[in-house]
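# Breakdown of the fold
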Amino acid sequence: MTAKSITYSSTRGTQKSLSFRTAVMTGLAHDRGLFVPDTFPTVTSEELESWRSLSYADLATEVIGKYVGEDQVPRKVLEGIVQRSCGAFRSEEVTPVVKVDGHYVLELFHGPTFAFKDVALQMLGNFFEYFLSTGSNGGRLAVMGATSGDTGSAAIYGLRGKKGVDCIILFPEGRVSEIQERQMTTVKDGNIHCVSVEGTFDDCQDIVKASFNDKAFRDRVKLGAVNSINWCRVLAQTTYYFWSYLRVMDKEKDVTKVNFSVPTGNFGDILAGYYSKRMGLPVGDLIVATNENDILHRFFTTGEYHREEIHKSISPSMDICVSSNFERYLYHLAGDDATTLASWMSAFESTGKLTITGKKLDEARADFKSARADTANTLETIKKYYNEFNYMLCPHSAVGVSAIHQLDTANSATVALATAHFAKFGDAVSMAIDPLPEIPKELSQLWSMETRKSKCPNDAKVVQAFMEKRIEERVRNEEVDGKRKKTLRQLVLVSAAVAIVAVLMRRRK
Ligand SMILES: *Cc1c(COP(=O)(O)O)cnc(C)c1O
């Protein structure tokens, strides 16, 4: 473990050398840049070898401990945060690695919501709780997010029951799949508030944006965000690249470097792979696998990072028109130069176009390979893996697997990341496989559970008023609860004292 923690600066240059705590609690930099580490800790091959026997949680403590020193989070506390985060997973290995068709699959869907964002959000929730309990943000944080289905539940499960945190999730009424809605609305913790908005996903996002732009509201409720750009999420994901590398090394004698294929949308997942490589993990190819929303595949083939309309696909968690974490990679591609990056981003934001040529493009293409899988490729892959290997892929995972076949890297040195359980995307998967295999009981029992949500009109002011009321109620309930406990404690003490006095009096007689 490093004695001193790594510091962070904004990709756009105005905030520099911040602590881990500040980077995590702030999320997005004030200049709208993203926080990147100022240096990368290194891992030697001896160290890597010594990590081979570690459990997932112990490995995570080592990897995260490379960034987060005692000055930020005491080692014992870090161990506790990691243990609790891993404890939310159904598999003891947290993210098991299995061999299918001569290559490996890294299963990232054994968390509470059956998708890979659990890995990061469990950790983020526990870090928030620790930082709030030790004075950050006045001890309170209200998290507001909009979801079209998938990320909302991962945030809810990451934040449920966390002290000092309120979580409000907006989703468009009648427009998220029933299973996704039930994953959110069956959570009963008092600090979780699900709101179905009479509008579209974009309306929900606009309400979140308007709320962040309303300074008075933001300060009153202590508003924060859990979007995919929080540094903590990338850091949490780094562990499973080390983990799966070590598991491949356990089995393969002739492999020296491991390739990873990553179903990609906002670039947060694969970025953790890129950072692992910079830390010294022997990574071969990093494959960016996209669906029809292929801005990143187009970038890595032609150098054109050009915004297009969003297409609705069967892998909806990768439906993006710009890729939010990509800015972090562009910053490194610009030679860690915030001035260059800021000018790239401002050109992109005003024209929707950024074109990289020459040496920089060569460099980018050396760092990443890419492939695109459309609906037909995706369904074909799902069908093939089920029929030939009896292995179920979700549509996102199938995009990543399709990529390794397209690029001829479906071999024993390759890991395809499986980002969700098939049962979460039953409608899409049943286009390839009918009837579907049985779904896990944790998902099927959602239909018999009580649900709880509040409906709101498509109006930021109404949503904000609702949120303030709910926070007030929760705080009051906690206070009443606290007082009740105190009164009860006093009552117990008084009766004990009375009993003792009574005994003594009787003895005297
Ligand atoms: C979010 C998500 C992705 C995309 O990950 P990024 O970090 O945004 O690239 C892929 N698959 C699933 C199931 C997801 O939820």
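None of these values were measured; they are calculated from a predicted model.

### Topic: empty space enclosed by the protein
Per the counting criterion, the structure on display carries three cavities of 30 Å³ or more. For the largest cavity, the calculated volume is near 70 Å³. Elements supplying a minimum of two residues to the lining of the largest cavity: helix H4 (75-87) and helix H5 (117-133). Top element by residues in the lining of the largest cavity is H5. It accounts for three residues.

### Considering the side chain of Asn 293
Of note, Asn 293 is situated in the loop between strand S10 (283-290) and helix H12 (295-302). Of note is the side chain of Asn 293, whose polar atom sits 2.8 Å from the backbone nitrogen of His 311. Excluding residues that lie within four positions of it along the chain, Asn 293 makes contacts with Glu 309, Ile 310, His 311, Ser 313, Met 318, Asp 319 and Ile 320.

### Observations regarding the site of the ligand
Around the ligand, the surrounding shell holds 15 residues, and the nearest of these are Lys 117, Asp 150, Gly 265, Asn 266 and Thr 419. A distance of 2.8 Å is found between an oxygen atom of the ligand and a backbone nitrogen or oxygen belonging to Gly 265. The backbone of Gly 268 places a nitrogen or oxygen atom 3.1 Å from an oxygen atom of the ligand. Within the complex, the protein chains bury 97% of what would otherwise be the 380 Å² of accessible surface of the ligand. Of the residues assigned to the shell around the ligand, the class counts are five nonpolar, seven polar and three charged.

### Some remarks on the layout of surface pockets
Quantified by volume, the second largest pocket comes out at close to 200 Å³. Lining the second largest pocket are 14 residues, with Pro 112, Tyr 157, Glu 442, Gln 445 and Leu 446 sitting closest to its centre.

### With respect to helix H16 (residues 375-389)
Compared with an ideal rise of 1.5 Å per residue, which puts 15 residues at 21 Å, H16 spans 21 Å between its outermost C-alpha atoms and is within 8% of the ideal. Buried within H16 we find Thr 378, Leu 379, Thr 381, Ile 382 and Tyr 385. For H16, the buried positions fall inside an angular range of 160° around the axis, keeping them on one side. Facing away from the buried side of H16 by over 90 degrees, the exposed positions are Glu 380, Asn 387 and Glu 388. Those residues of H16 that are buried lie in contact with strand S3 (97-100), strand S4 (103-107), helix H17 (395-406) and helix H18 (426-429). Where H16 starts, the residue carrying a side-chain oxygen 3.2 Å from the main-chain nitrogen of Ala 376 turns out to be Asp 374. Note on H16: the residue one or two positions beyond its end, Asn 390, has a positive phi of about 55°.

### Side note on the UniProt feature "domain: Threonine synthase N-terminal" (unreviewed entry) in the protein
According to UniProt, the positions carrying the feature "domain: Threonine synthase N-terminal" (unreviewed entry) are residues 7-85. Spanning residues 7-85, this segment combines 43% helix with 8% strand, and its end C-alpha atoms are found 23 Å apart.

### Section: the nonpolar core
Counting 113 residues, the largest nonpolar core has Tyr 67, Phe 127, Phe 267 and Tyr 329 as the members making the most contacts within it. In terms of residue count, the dominant contributor to this core is helix H10 (residues 231-251) (13 residues). In this view, Phe 267 contacts Val 288, Leu 296, Phe 300, Ser 323, Asn 325, Phe 326, Tyr 329 and Phe 368; residues no more than four positions away in its chain are not counted. Among the nonpolar cores identified, the runner-up in size contains 32 residues, and Val 399, Val 401, Ile 404 and Ala 428 belong to it.

### So, the packing of H16 against H17
Relative to each other, H16 and H17 sit at 90°, their axes nearing to 8 Å. By the angle class used here, H16 and H17 are roughly perpendicular. Of the residues in H17, those touching H16 at Asn 377, Thr 378, Thr 381, Ile 382 and Tyr 385 are Pro 395, Ala 398, Val 399, Val 401, Ser 402, His 405 and Gln 406. Split by residue class, the contact of H16 with H17 holds six nonpolar, six polar and no charged.

### A closer look at the environment of Thr 186
Mapped onto the elements, Thr 186 comes out in the loop between helix H7 (178-185) and strand S7 (192-197). Excluding residues that lie within four positions of it along the chain, Thr 186 makes contacts with Leu 446, Met 449, Glu 450 and Thr 451.

### Description of the sheet that holds strand S6 (residues 165-172)
One open sheet holds the five strands; their spatial order is S8-S5-S6-S7-S15, and the pairing between them is parallel. The sheet is open, and its two borders are formed by strand S8 (223-224) and strand S15 (454-456), each paired with just one other strand. Both strand S5 (residues 141-146) and S6 contribute to a ladder of six bridges, which runs parallel. Bridge assignment links Gly 145 to a residue of S6, and that residue is Ile 169.

### What about the packing of aromatic side chains?
The tally for this structure, following the rule as stated, stands at 30 aromatic pairs. Arranged with centres 5.7 Å apart and planes meeting at 55°, the rings of Tyr 67 and Trp 231 form a pair that is tilted. Taken together, the residues span a long stretch of sequence, with Tyr 67 in the loop between helix H3 (56-65) and H4 and Trp 231 in helix H10 at a distance of 164 residues. Taking the relative accessible area as the measure of exposure, Tyr 67 reaches 0% and is therefore buried.

### Description of helix H20 (residues 460-508)
For H20, with 49 residues, the first-to-last C-alpha span of 72 Å sits near the 72 Å given by 1.5 Å per residue. Those residues of H20 not exposed but buried are Ala 460, Val 463, Gln 464, Phe 466, Met 467, Arg 470, Ile 471 and Arg 474. Here H20 starts with a cap whose side-chain oxygen sits 2.9 Å from the backbone nitrogen of Lys 461, and that cap is Asp 459.

### A closer look at the sheet that holds S4
Strand order in the open sheet formed by six strands is S3-S4-S14-S9-S10-S13, and the pairing between neighbours is mixed. Here the strands that pair on one side only, and so sit at the sheet edges, are S3 and strand S13 (369-372). Strand-to-strand twist of the sheet, defined as the mean angle between neighbouring strand axes without regard to direction, takes the value 25°. Taken together, the four bridges between S10 and S13 define a ladder with parallel strand orientation. The residue of S13 that forms the bridge with Thr 290 is Arg 372.

Rules behind the numbers
- Residues numbered from 1 in each chain as written.
- Predicted model: local features only at pLDDT ≥ 70, side-chain atom pairs only at ≥ 80, totals over all residues.
- Heavy atoms only, no water.
- 1 Å grid on protein atoms, 1.4 Å probe; cavity = no way out; pocket = protein on both sides within 12 Å on 5 of 7 lines; lining within 4 Å.
- Points joined across faces, edges and corners; volume = space filled by probe spheres on them.
- Helix = DSSP H or I, 4+ residues; strand = E, 2+ residues; numbered from the N terminus.
- Polar contact = N/O pair within 3.5 Å; in protein donor to acceptor, adjacent residues only side chain to side chain.
- Contact = heavy atoms within 4.5 Å.
- Near = heavy atom within 4 Å.
- Areas by Shrake-Rupley, 256 points an atom, 1.4 Å probe, with all protein chains shown as cover.
- Nonpolar A, V, L, I, M, F, W, Y, C, P; charged D, E, K, R; others polar.
- Expected span 1.5 Å × (residues − 1).
- Buried < 20%, exposed > 50% of the residue type's maximum accessible area, 1.4 Å probe, protein only.
- Arc of directions from axis to C-beta.
- UniProt positions renumbered as here; feature names shortened; annotations may be inferred.
- Core = buried A, V, L, I, M, F, W, Y, C linked by side-chain atoms within 4.5 Å.
- Axes fitted to C-alpha atoms, helices over the stretch in contact; angles between N-to-C directions.
- Parallel < 35°, antiparallel > 145°, perpendicular 65-115°, else oblique.
- Pairing = 2+ DSSP bridges.
- Phe/Tyr/Trp six-rings, centres within 6.5 Å; stacked < 30°, edge-to-face > 60°.

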